[in-house]
Amino acid sequence: MADIKRINGKYYDFGTKNESFLITAKELKTLGIQNYYFMLRIDNPRVADIDPFNPNITKQEIQALWIEYQHNMWIFARDCVRLRTGKGIVPLALHRGLAAAYWCFERSQDFCLTEPRQTYKTSGCLGGPILWAFQIAQNMKGHFFGKETDNTKRNLLTLKEDIELLPEWMQFTRYTDDDGKVKKSRRATERLENGLRHNSIEIHPKATSLAHAQGMGRGGSGSIIYFDEIEHMPYFSEVLSNSAPLYLTTAENAAAAGQPHCRVMTTTPKPCHVTSHL
């Protein structure tokens, strides 16, 4: 049951069913963070008790949720996202690292989330802000880079599975084009498309040489760029610098149109090698 509190003219749901968001808020409060509740944001309190997975959801409820999701990534992540894990299908779990990452993404601030393995940094970024942007934005082009081509393909597959776990009315697997024809969005191993919103994401292979890295990303455009395992990615600095033109102009256009744009980086810390002289 919703527990809505009005703070400084804005609303927050302290009764969300996603306990991880409440736990993270309590941790930030314990640490003395004044605005510890930012991840509990809700713009329209009337949608708090609408279940997006209700098989009998009404058109009016869908419309109300869609308006909320378009402008509020946090409630989308709290209530709408499900992830496939070794424990089965579970709601997205927030922790302080992901909360910081989402906060940066919401403000279009490039960031790098560095955490040990098995802290769902990759799945959390894919299933949170990247999934939200892919389903909500319009005319978005995204690009995935990584340490290995297989890993990058796997990340695209994970995003595809995340879409399939959304409420059916939010999956947009089929859409009607301008001619009134029903079409199916493209779901390939190297490219993902949201035909209704005109969004796409494509992957890039592992850089195999300096010359290859220097040519990656040229000639394209993208407002969401995801670099995974950057500390283990060959020629990362070259790929980052040479993909900058791909991002910068498109990001400026996205900003002018009020659309999300960000460069997202995640990585497992690279082991330090200590030499002993004993």
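Per-chain numbering applies: the sequence of each chain, read as written, is numbered from 1 onward. Side-chain atom pairs in this predicted model are given and counted only at pLDDT of 80 or more, local residue features only at pLDDT of at least 70, and totals for whole chains, interfaces and linings cover all residues. Calculated side-chain values reflect all of the structure's heavy atoms, with hydrogen atoms and water omitted.

Visitor: How should I be thinking about the overall build of the protein in this particular structure?
Guide: Runs of H or I in DSSP of at least four residues are treated as helices and runs of E of at least two as strands, each being numbered from the N terminus. When its secondary structure is counted, the protein shows 9 helices and 12 strands. A radius of gyration in this sense is built from C-alpha atoms; the matching globule rule multiplies 2.2 Å by the number of residues raised to 0.38. Here the C-alpha radius of gyration of the protein, 19 Å, is about what a compact globule of 278 residues would show, namely 19 Å. In terms of principal-axis extent, the alpha carbons of the protein reach across some 65 × 60 × 40 Å. Pairs at least 24 apart in sequence give 70% of the contacts found in the protein among residues at least 6 apart. For the protein, the exposed surface amounts to about 14600 Å²; the carbon and sulfur share of it is 50%. Placing the 34 positive and 30 negative side-chain charges of the protein at their respective mean positions leaves the two points 1 Å apart. We call two residues in contact when some of their heavy atoms are within 4.5 Å. Using the Shrake-Rupley algorithm and a 1.4 Å probe, accessible areas are obtained, with residue cover drawn only from the displayed protein chains. Note on charges: Lys and Arg go in the positive column, Asp and Glu in the negative column, and His and the chain ends are not counted at all. One atom stands in for each charge, and that atom is NZ of Lys, CZ of Arg, CG of Asp or CD of Glu.

Visitor: What is the right way to look at the state of the cysteines in this model?
Guide: By definition, a disulfide is the covalent link that joins the sulfur atoms of two cysteine residues. Criterion for a disulfide: a pair of cysteine sulfur atoms within 2.5 Å. Applying the stated rule across the entire model yields 0 disulfides. Not part of a disulfide, Cys80 finds its nearest cysteine sulfur in Cys125, a span of 18 Å.

Visitor: How should the confidence of the model for the protein be read in this particular structure?
Guide: For any part of a model where pLDDT is low, the fine detail of the predicted coordinates should not be relied upon. On a range of 0 to 100, pLDDT expresses the predictor's confidence in each residue. Residues of the protein with pLDDT of at least 70 account for 92%, and the chain-wide mean is 91. In the predicted structure, residues 273-278 sits below a pLDDT of 50 and forms 0 contacts with residues beyond four places in sequence or in another chain.

Visitor: Please explain the pairing of strand β9 (residues 191-194) as it appears in this structure.
Guide: On a regular strand, one side chain projects to one face of the sheet and the next to the other, so that they alternate. Because side chains alternate across β9, one face comprises the buried residues Leu192 and Asn194, and the other comprises Arg191 and Glu193, none of which is buried. At least two DSSP bridges between two strands are required for those strands to pair. Pairing between β9 and strand β10 (residues 199-203): 4 bridges, direction antiparallel. Its bridge partner being in β10, Glu193 is matched across the sheet by Ser200. Turn length for the β9-β10 hairpin, with the two strands adjacent in sequence and antiparallel, is 4 residues, and the turn residue His198 shows positive phi of about 60°. Burial here depends on accessible area, computed with a 1.4 Å probe over protein chains only, as a share of the maximum for the residue type. Under 20% is buried, over 50% is exposed, and the range in between is partly exposed.

Visitor: Sorry, what's going on with the packing of helix α4 (residues 96-106) against helix α5 (residues 121-136) here?
Guide: When two helices pack together, their arrangement is captured by the angle between the axes and the distance separating the axes. For helices, the fitted axis covers only the stretch in contact; all axes are lines through C-alpha atoms, and the angles between them, taken along N-to-C directions, range from 0 to 180 degrees. At their nearest, the axes of α4 and α5 sit 10 Å apart, and the two run at 30° to each other. Here α5 runs roughly parallel to α4, going by the angle between their axes. Where α4 crosses over α5, the handedness of that crossing is right-handed. From α4, Leu98, Tyr102 and Phe105 reach across to α5, where they touch Lys121, Gly124, Cys125, Gly128, Pro129, Trp132 and Ala133. Three residue categories are used. Nonpolar comprises Ala, Val, Leu, Ile, Met, Phe, Trp, Tyr, Cys and Pro, charged comprises Asp, Glu, Lys and Arg, and polar comprises the others, including Gly. Across the contact of α4 with α5, the residue classes break down as 7 nonpolar, 2 polar and 1 charged. Angular relationships are summarised with four words: roughly parallel below 35 degrees, roughly antiparallel beyond 145, roughly perpendicular across 65 to 115, and oblique for the angles in between. Crossing handedness is defined as follows: a turn of the near helix away from the far one that is anticlockwise and smaller than a right angle gives a left-handed crossing, while the clockwise case is right-handed.

Visitor: Please clarify how the pattern of salt bridges should be interpreted in this entry.
Guide: Close approach of charged atoms lets side chains of opposite charge pair. Just to be clear on terms, a salt bridge is a Lys or Arg side-chain nitrogen sitting within 4 Å of an Asp or Glu carboxyl oxygen. A full pass over the atoms with the stated rule returns 11 salt bridges. Two residues, Glu148 and Lys206, come together in a salt bridge whose shortest N-O distance is 3.4 Å. Within this pair, whereas Glu148 is found in the loop between β6 (141-145) and α6 (149-164), its partner Lys206 is found in the loop between β10 and α7 (210-215), the two being separated by 58 residues in sequence. Taking the relative accessible area as the measure of exposure, Lys206 reaches 27% and is therefore partly exposed. Between Glu202 and Arg191 there is a salt bridge, with its nearest N and O atoms 3.6 Å apart.

Visitor: Explanation requested: the environment of Arg263 in the structure shown.
Guide: Within the secondary structure, Arg263 sits in strand β12 (residues 262-267). Residue class for Arg263 comes out buried when judged on its relative accessible area of 15%. Taking the C-alpha atoms as reference, Arg263 lies 5.9 Å from Ile224; in sequence the two are 39 residues apart. What Arg263 contacts, discounting residues up to four positions off in sequence, is Asp110, Phe111, Ile225, Leu240, Ala244, Tyr247 and Leu248.

Visitor: Before we go on, may I ask you to explain the sheet that holds β9 in this structure?
Guide: If you trace the 6 strands from one edge of the open sheet to the other, you get β5-β12-β11-β6-β10-β9, paired in mixed fashion. Where the open sheet ends on each side, the last strands, each with one partner, are β5 (111-114) and β9. Strand-to-strand, the axes of this sheet are offset by a mean angle of 15°, without reference to chain direction. In the sheet, β6 pairs with strand β11 (residues 224-228) via 4 bridges, with the strands oriented parallel. Along β11, the bridge assignment pairs His143 with Ile225. This element, α4, spans β5, β11 and β12 of the sheet and lies at about 170° to β5. Packing against the sheet, helix α9 (residues 244-256) makes contact with β6, β11 and β12, and its axis sits at approximately 135° to β12.

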